[in-house]
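# An overview of the molecular structure
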Amino acid sequence: QVQLVESGGGLVQAGGSLRLSCAASGTFFSINAMAWYRQTPGKQRELVATISTGGITNYADSVKERFTISRDNDKNTVYLQMNSLKPEDTAVFYCNARYKSAAWSIWYDRWGQGTQVTVSS
């Protein structure tokens with residue numbers, strides 16, 4: 001089973017930057033795509049960015065040109081570099097990983113516990 005531990009959230013002024021990290025640990029066969037989502041109170045969790053094992057990335061329109069997702073496959077870690085932050089980026093950010101527990105298993109999804117990002121105006 002995979003455990004995901006996020007770090008790097010905090011309070012920043014508008015226009016500032018933050019870098020989130022999410023490290024996967026535990027017992028698993030392989031990790032496929034990794035992603036960052038975010039959620040604000042009363043709203044559904046929304047996709048922010050995804051990255052494949054080969055480094056192919058996709059972004060929500062609202063964060064393109066400002067956020068960059070990357071990963072270190074050797075460390076089983078995914079990052080989210082957030083620049084030019086806006087107050088509307090304020091949310092709890094969640095890491096997601098799709099993994100297999102064994103070569104023959106199905107793919108599972110695992111979520112991190114979330115890290116708060118607050119952008120002040």
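Before reading further, recall that the structure is shown in the block above.
Quick summary incoming for the structure in this document. Bear in mind that the values here come from a model prediction, so they are computed numbers and not experimental data.

A few words now on the side chain of T115. If you trace the backbone, T115 turns up in strand 11 (residues 115-120). When its relative accessible area of 10% is taken as the criterion, T115 is described as buried. In this structure the side chain of T115 is engaged in a polar contact, spanning 3.3 Å, whose partner is the backbone nitrogen of G9. Beyond its immediate sequence surroundings of up to four residues, T115 is in contact with E6, G9, L20, A91, V92 and F93.

Proteins that are soluble and globular tend to have nonpolar side chains buried together. If you look at the biggest cluster of nonpolar residues, it comprises 27 residues, and the most contacted ones within it are W36, V48, F67, V78, L80, M82 and F93. Listing elements by their share of this core, those giving two or more residues are strand 1 (2-7), strand 3 (18-26), strand 4 (30-39), strand 5 (46-51), strand 7 (67-72), strand 8 (77-82), strand 9 (91-100) and strand 11. The biggest single contributor to this core is strand 9, with 5 residues. Non-local contacts of F67, meaning those with residues more than four positions away in its chain, are made with R38, V48, Y59, L80, Q81, M82, N83, L85, D89 and F93.

We now examine the sheet that holds strand 7. Read from one edge to the other, the open sheet built from 4 strands follows the order 1-3-8-7, with strand pairing classed as antiparallel. For this open sheet the edge positions go to strand 1 and strand 7, each flanked by a neighbour on one side alone. Averaged over all pairs of adjacent strands, the angle between their axes in this sheet comes to 15°, without regard to strand direction. Relative to strand 3, strand 1 runs antiparallel, the two being bridged by 6 bridges. Among the inter-strand pairings, Q3 is bridged to a residue of strand 3, identified as S25.

A word on the pattern of salt bridges. When the charged atoms of two side chains with opposite charge come close together, those side chains can pair. Across all of its chains, the model carries 5 salt bridges by this definition. Here K64 and D61 are joined by a salt bridge, their closest N and O atoms 3.1 Å apart. Judged by relative accessible area, D61 falls into the exposed class, the value being 66%. Taking the shortest distance from any N to any O, the salt bridge between R66 and D89 comes out at 2.7 Å. Here R66 is found in the loop between strand 6 (57-59) and strand 7, whereas its partner D89 is found in the loop between strand 8 and strand 9, with 23 residues between them in sequence. For R66, a relative accessible area of 9% puts it in the buried group.

This brings us to unusual backbone geometry. At E65, a residue that is not glycine, the phi angle is positive and equals roughly 75°. When you line up the elements, E65 lands in the loop between strand 6 and strand 7. Under the relative-accessibility criterion, E65 is labelled exposed at 82%. Here the phi dihedral of S84 falls at roughly 50°; this positive angle occurs in a residue that is not glycine. Within the secondary structure, S84 sits in the loop between strand 8 and strand 9. With a relative accessible area of 40%, S84 lands in the partly exposed category.

Calculation notes
Residues numbered from 1 in each chain as written. Predicted model: local features only at pLDDT ≥ 70, side-chain atom pairs only at ≥ 80, totals over all residues. Heavy atoms only, no water. Helix = DSSP H or I, 4+ residues; strand = E, 2+ residues; numbered from the N terminus. Buried < 20%, exposed > 50% of the residue type's maximum accessible area, 1.4 Å probe, protein only. Polar contact = N/O pair within 3.5 Å; in protein donor to acceptor, adjacent residues only side chain to side chain. Contact = heavy atoms within 4.5 Å. Core = buried A, V, L, I, M, F, W, Y, C linked by side-chain atoms within 4.5 Å. Pairing = 2+ DSSP bridges. Axes fitted to C-alpha atoms, helices over the stretch in contact; angles between N-to-C directions. Salt bridge = Lys/Arg side-chain N within 4 Å of Asp/Glu carboxyl O.

Just geometry here; none of it tells us what the structure is for.
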